[in-house]
Amino acid sequence: MKHWIKAFSLVELFEGLFLTLRIMFRAKPTVRYPEERTPYSPRFRGMHALMKTRDGAERCIGCKLCEAACPSQAITIVSGANADGKRCAVSYEIDQGKCIFCGICEEACPVDAIVHTKQFEYIAEQREGLRFPKETLLMVGDSYQEEIEAAKAADARYR
Ligand code: SF4
Ligand code: SF4
């Protein structure tokens, strides 16, 4: 009987309409991407970058710890020596198509050479295009240095 009264009085319909009316005047959580963006965490793990020191030298010492730690085997490094005889990465490549953006490479690096940026809007028409060589990674590091340093500073007290 209770069920029939509920069904014929359209209680559930009015409840639904009332809910819609209530939500209609609230602030909208939807953002008009890409013109509007939600804030990203300082720990956001986007495209990788290789960093340089203040005097412009490559930070990477070619120790291969990131390569060994990477669970996706997305990093390929050839170590060697630079013109000063110091150990360095002669070639360094990350396959972004294999990467799962776990951040382990960044954690493993003893000299803060490999880092994540907040950039995620990149495409490649062929899978090969997602294999980022050292030159590209260094260029990304140069381009987003300020953003990367600001994110590190914001997160420093939690590390
Ligand atoms: S973020 Fe993870 S999966 Fe991607 S390169 Fe680094 S260690 Fe490998
Ligand atoms: S990025 Fe860091 S961990 Fe990877 S090879 Fe270079 S110095 Fe070693």
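Above: the structure in question.
Residues numbered from 1 in each chain as written. Chains lettered and ligands numbered in written order. Predicted model: local features only at pLDDT ≥ 70, side-chain atom pairs only at ≥ 80, totals over all residues.

> Describe the nonpolar core, naming the residues involved and giving the relevant values.
Ranked by size, the top nonpolar core spans 26 residues in total, and within it A49, L50, I75, I114 and L137 carry the most contacts. Counting residues per element, the ones that place at least two in this core are β1 (48–50), β2 (75–81), β3 (87–95), β4 (114–116), α5 (134–143) and α6 (145–155). Setting aside residues up to four positions removed in sequence, I75 forms contacts with C66, E67, C70, I94 and C105. (Core = buried A, V, L, I, M, F, W, Y, C linked by C-beta atoms within 7 Å. Buried ≥ 20, exposed ≤ 12 C-beta atoms within 10 Å, placed from the backbone. Helix = DSSP H or I, 4+ residues; strand = E, 2+ residues; numbered from the N terminus. Contact = placed C-beta atoms within 7 Å.)

> Could you give an account of the sheet that holds β2, naming the residues involved and the relevant values?
The antiparallel open sheet is built from three strands, whose spatial order is β2-β3-β5. At either end of the open sheet lies a strand with only one pairing partner, and these are β2 and β5 (131–133). Neighbouring strand axes in the sheet, compared pairwise and without regard to direction, differ in orientation by 20° on average. When β2 meets β3, the two strands line up antiparallel, connected through seven bridges. From the neighbouring strand, S79 faces β3, where its bridge partner is A89. (Pairing = 2+ DSSP bridges. Axes fitted to C-alpha atoms, helices over the stretch in contact; angles between N-to-C directions.)

> Tell me about the site of ligand 1, residues and numbers included.
Taken together, 14 residues sit near ligand 1, with C70, C99, C102, I104 and C105 positioned nearest. Considered class by class, the residues forming the shell around ligand 1 number twelve nonpolar, two polar and no charged. (Near = placed C-beta within 6 Å. Nonpolar A, V, L, I, M, F, W, Y, C, P; charged D, E, K, R; others polar.)

> So, the site of ligand 2: which residues are in play, and what are the values?
Residues in close proximity to ligand 2 total 14 residues, the closest being C60, C63, C66, C109 and I114. Tallied by class, the residues present in the shell around ligand 2 amount to twelve nonpolar, one polar and one charged.

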